Amino acid sequence: MDIATLRTAHPDHWALATAIRALAMDAVQAANSGHPGMPMGMADVATVLFRNHLKFDAAAPDWPDRDRFILSAGHGSMLLYALLHLTGYEDMTLDQIKAFRQWGSITAGHPEYGHAKGIETTTGPLGQGLANAVGFAIAEEALRARFGKRLVDHRTWVIAGDGCLMEGISQEAIGLAGMQRLQNLIVLWDNNDISIDGRIGLSDITDQHARFAASGWTVLSCDGHDPEDIDRALTAAKAADGPVLVDCKTHIGFGSPKKQDTAGAHGSPLGPDEIAATRAVYGWSHGPFDTPAEIKARWEEIGRQGAAARAEWEARLAALTGARRAEFDRRIAGEAPRRLASTIRALKKQASEAKHKVATRKASELVLEVVNPIMPETIGGSADLTGSNNTKTADLGIFDPSNRKGRYIHFGIREHGMAAAMNGMALHGGIRPYGGTFLCFTDYARGAMRLSALMGVPAVYVMTHDSIGLGEDGPTHQPVEHLAICRATPNTLTFRPADLVETAEAWEIALTQTATPSVLALSRQNLPCVRDRHTAQNLSARGGYILREATGKRRAILMATGSEVEIALAARDALEAEGIGTRVVSMPCMELFAAQDEAWRKKVLPAGPVRVAVEAAVRQPWDRWLTGERGRETKAAFVGMEGFGASAPAPKLYEGFGITAGAVADRVRALL
């Protein structure tokens, strides 16, 4: 539909949508940076969605049963910010709109979770929002099955662009959603045929309708500038069975005389002259950032439309029995059950007494066997490595279209899609997601794992086969740099436990985080129990601690993680036999050790003794503990990997790469 027809046939709609367009043009121009074309093109679709279909209440942005609106095409952030401001979200003031992309504002270049109410997830890396939405929809299905439709019955709406659909993660996401027949997931495709380089045909010829249909989606279409046609399509989408793609044919930079339908409207301001010309086309005579009071009032009325539905929902919640209400509230708040600590303590005591020799991936399964029954909010899964990751316990049941009460998801070979869906589940609330693959394949999940950290999402990544210890699969599967990558990522806890006790402690920490993701790096090979004396205290929460003390004068400190702790202990025995007093420090989580006060770090790593770290990975993360923290380069050494691994049985690999107790002891002797 053209602008002239829109203005005459739908004047109310036109005024509302134009307010979005004007704010987007003005904010991008003021920042001299941003993407005006997408908000200008999708303003009509967004107006119909918020006006006629989206269940929300701007006065209660955290209402658990609200519809979720996700702007996967995060470069068009001013569309979302304009909607939040116009509908009356308290924190999205006009001053914040004017401060778009500026230091200290909540209106970042791309929407960032936690900056403002109404931003459901951080988007910008294309495809992530779409994949997060699959997790949101899974969470909604699971919670509806648990608590009933009277408490949980909402939709997840997504605006995605051509770039989202080109990213590989999109296929992982739509394939998973289609297989799962997710009922309340609706994706609105901003089909404007433009990317930064120009026409989409420069790089892509995919038939998106056929692609989504082949993945099990219903596919609908509409004129993205005709409010009646948009409303028809969205109404049909809500009635469809399974996930829905709505192809919204739009014009990027809609109304711009010189930049509509060009890449020039995509990633840069229109310029003062073009904005003035576009205002004339719109019939919008108001100045920059000036929304007429009557139009703002109509938008705020839209923001209040959901208040009655929210009040009715709150009455239903209040009518719940005490225990059921408490459980719902606990899960939405993300609080661990009180029994978690005692359950972990009991398992630790049993492990120390029995002195289990198990791989830490199996140790993780043993932890989950006692945790999953008392934490019904956990939903686990694996990227087609269930038997290797040990992520499924007998009580979970499979989550699929026939059993929404199931708590285990077969994600398929979709590491990136799995991680992004985990983010969506956690962001939705009421779910504690964990998912597994090999540590080496964090490479495939990296984009979503980084966003877990950026957003402060407490997802748990169960990453097994954590070193050359996996053996014959060889260097393609043997991680050497991956621990360093995980440890280099801000706001991420990377655990590499040495036995069942440390694994239980790591899980307890991970499951009580509220704003930090955790990576559990777990061994394929069996490891001895090194914590053979029970202590109720969670020593892994200290990050690093004294596992064995020197019996005489302390001359050496050995530091290790995971499968190399037993090597450090064997080296200590050899050195102690020679009269060289040797302390062994287990370092299951460097991030937590770094967070300890100076007194604790000094107690564990005092000045004086030589230091040797041993880990079947690259040295990079160890330098702070070897040469910093009262250490010296001339009194420090590292035993580990300097390159990639090889294909052979694990014992031969450790011997061949020189990661042995003898090598560690030799380094100590040389330093002394």
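Structure report, in brief. (Residues numbered from 1 in each chain as written. Predicted model: local features only at pLDDT ≥ 70, side-chain atom pairs only at ≥ 80, totals over all residues. Heavy atoms only, no water.)

## Structural notes on the overall build of the chain
Looking only at helices and strands, the chain features 27 helices and 18 strands. In terms of overall dimensions, the chain is globule-like: its C-alpha atoms have a radius of gyration of 28 Å, near the 26 Å expected for 672 residues. A principal-axis box enclosing the C-alpha atoms of the chain has dimensions of 95 × 55 × 45 Å. Counting the 672 residues in the chain, one finds 62% classified as buried. Contacts in the chain between residues far apart in sequence, at least 24 positions, make up 78% of those at least 6 positions apart. Of the side-chain charges in the chain, 73 are positive and 77 negative, and the distance between the mean point of each set is 8 Å. (Helix = DSSP H or I, 4+ residues; strand = E, 2+ residues; numbered from the N terminus. Rg over C-alpha atoms; globule rule 2.2 N^0.38 Å. Buried < 20%, exposed > 50% of the residue type's maximum accessible area, 1.4 Å probe, protein only. Contact = heavy atoms within 4.5 Å. Lys, Arg positive; Asp, Glu negative; His and termini not counted. Charge placed at Lys NZ, Arg CZ, Asp CG, Glu CD.)

## Overview of empty space enclosed by the protein
In the structure shown here, the tally under the stated rule is three cavities of 30 Å³ or more. Space inside the largest cavity adds up to approximately 80 Å³. Phe50, Leu54, Phe56, Pro61, Arg66, Asp67, Phe69, Leu84, Tyr89, Gly118 and Glu120 together form the lining of the largest cavity. For the lining of the largest cavity, the per-class residue count stands at seven nonpolar, one polar and three charged. (1 Å grid on protein atoms, 1.4 Å probe; cavity = no way out; pocket = protein on both sides within 12 Å on 5 of 7 lines; lining within 4 Å. Points joined across faces, edges and corners; volume = space filled by probe spheres on them. Nonpolar A, V, L, I, M, F, W, Y, C, P; charged D, E, K, R; others polar.)

## So, the nonpolar core
Grouped together as the largest cluster of nonpolar side chains are 137 residues, with contacts concentrated most on Met78, Leu188, Val246, Trp299 and Met425. Residues contacting tryptophan 299, with those up to four places away along its chain left out, are Leu16, Ala19, Ile20, Thr47, Phe50, Leu83, Leu86 and Thr87. Among the nonpolar cores identified, the runner-up in size contains 47 residues, and Met559, Ala568, Leu626 and Leu653 belong to it. (Core = buried A, V, L, I, M, F, W, Y, C linked by side-chain atoms within 4.5 Å.)

## Let's talk about the pattern of salt bridges
Under the defined criterion, the tally for this structure stands at 39 salt bridges. In this structure, aspartate 62 and lysine 117 form a salt bridge, with 2.8 Å as the shortest nitrogen-oxygen distance. You can see aspartate 62 sitting in the loop between α3 (37-53) and β1 (68-71) and its partner lysine 117 sitting in the loop between α5 (94-98) and α6 (128-147), a full 55 residues away along the chain. The shortest N-O distance in the salt bridge between aspartate 573 and arginine 572 comes to 3.7 Å. Residue class for aspartate 573 comes out partly exposed when judged on its relative accessible area of 48%. Several salt bridges share partner residues, and in doing so they unite Asp466, Arg487, Arg496, Glu564 and Glu615 into one network. (Salt bridge = Lys/Arg side-chain N within 4 Å of Asp/Glu carboxyl O.)

## Thoughts on the sheet that holds strand β15 (residues 554-560)
Across the sheet, which stays open at both edges, the five strands sit in the order β14-β16-β15-β17-β18 with mixed pairing between neighbours. Two strands close off the open sheet at either side, each with one partner strand: β14 (545-548) and β18 (636-640). Here the strands of the sheet are splayed against their neighbours by 30° on average, with no regard to which way each runs. With six bridges joining them, β15 and strand β16 (residues 581-586) adopt parallel strand pairing. When the sheet's bridge partners are listed, alanine 556 is paired in β16 with threonine 582. Most of the contacts of helix α27 (residues 661-671) go to strand β17 (residues 610-615), to which it runs at about 160°, and overall it touches β15, β17 and β18. (Pairing = 2+ DSSP bridges. Axes fitted to C-alpha atoms, helices over the stretch in contact; angles between N-to-C directions.)

## Side note on the pairing of strand β7 (residues 244-249)
Along a regular strand, successive side chains alternate from one face of the sheet to the other. Summarising burial for β7: five of the six residues are buried, a large majority. Pairing of strand β3 (residues 185-191) with β7 involves six bridges; the strand directions are parallel. Looking across to β7, one finds that valine 187 is bridged to leucine 245. Alignment of strand β6 (residues 218-223) against β7, held across six bridges, turns out to be parallel. When the bridges of β7 are listed, cysteine 222 appears paired with cysteine 248. Note on the crossover from β6 through helix α10 (residues 227-239) to β7: the handedness is right-handed. (Right-handed = clockwise from strand over helix to strand, strands pointing away.)

## Quick look at the packing of helix α16 (residues 360-371) against helix α21 (residues 500-511)
Between two packed helices, what matters for the description is the angle formed by their axes and the separation of those axes. Close contact between α16 and α21 brings their axes to 9 Å; oriented N to C, the two are set at 55°. The angle between α16 and α21 falls in the class oblique. The two elements α16 and α21 meet at a crossing, and its hand is right-handed. Contacts from Thr360, Ala363, Ser364, Leu366, Val367, Leu368 and Val371 in α16 reach Leu500, Thr503, Ala504, Trp507 and Leu511 in α21. For the contact of α16 with α21, the residue count by class is nine nonpolar, three polar and no charged. (Parallel < 35°, antiparallel > 145°, perpendicular 65-115°, else oblique. Left-handed = near helix turned anticlockwise from the far one by under 90°.)

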